[in-house]
Amino acid sequence: MSHSNSSKVGEIFTAAGAAFSKLSELIMTLHPVGEPPVSKYDIEYAECHGT
């Protein structure tokens, strides 16, 4: 692989890493740490059992 191809591959992985980092930040805004995830089954159980 030539030097220019290696450089391009490095740029791709750098961009992918930045994209995954931003994606993880956005996911954390949807599901903050410390709050347990709520599933539809949890909601249905609470509605059926009055909790």
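Read on for a plain summary of the structure. (Residues numbered from 1 in each chain as written. Predicted model: local features only at pLDDT ≥ 70, side-chain atom pairs only at ≥ 80, totals over all residues. Heavy atoms only, no water.)

Quick notes on the overall build of the chain
This is how it is decided: Each helix is a run of H or I in the DSSP string that is no shorter than four residues. Each strand is a run of E no shorter than two, and both are numbered from the N terminus. Here the term buried applies to any residue with accessible area under 20% of the maximum for its type, exposed to any over 50%, and partly exposed to those in between, with areas from a 1.4 Å probe on protein chains only. Each accessible area value is a Shrake-Rupley result obtained with a 1.4 Å probe; residue values ignore everything except the protein chains displayed when judging cover.
Secondary structure assignment for the chain yields two helices and zero strands. By the burial criterion, 0% of the 51 residues in the chain qualify as buried. Approximately 4700 Å² of the chain is accessible, and the part contributed by carbon and sulfur atoms is 66%.

Here's the deal with the pattern of salt bridges
So the rule is basically this: Whenever a carboxyl oxygen of Asp or Glu lies within 4 Å of a side-chain nitrogen of Lys or Arg, that contact is scored as a salt bridge.
What the rule picks out here adds up to one salt bridge. For Glu25, the salt bridge is made with Lys22, and the minimal N-O distance between the two is 4.0 Å. In this pair, Glu25 and Lys22 both sit in helix α1 (residues 3–30), three residues apart, roughly one turn of the helix. Judged by its relative accessible area of 45%, Lys22 falls in the partly exposed class.

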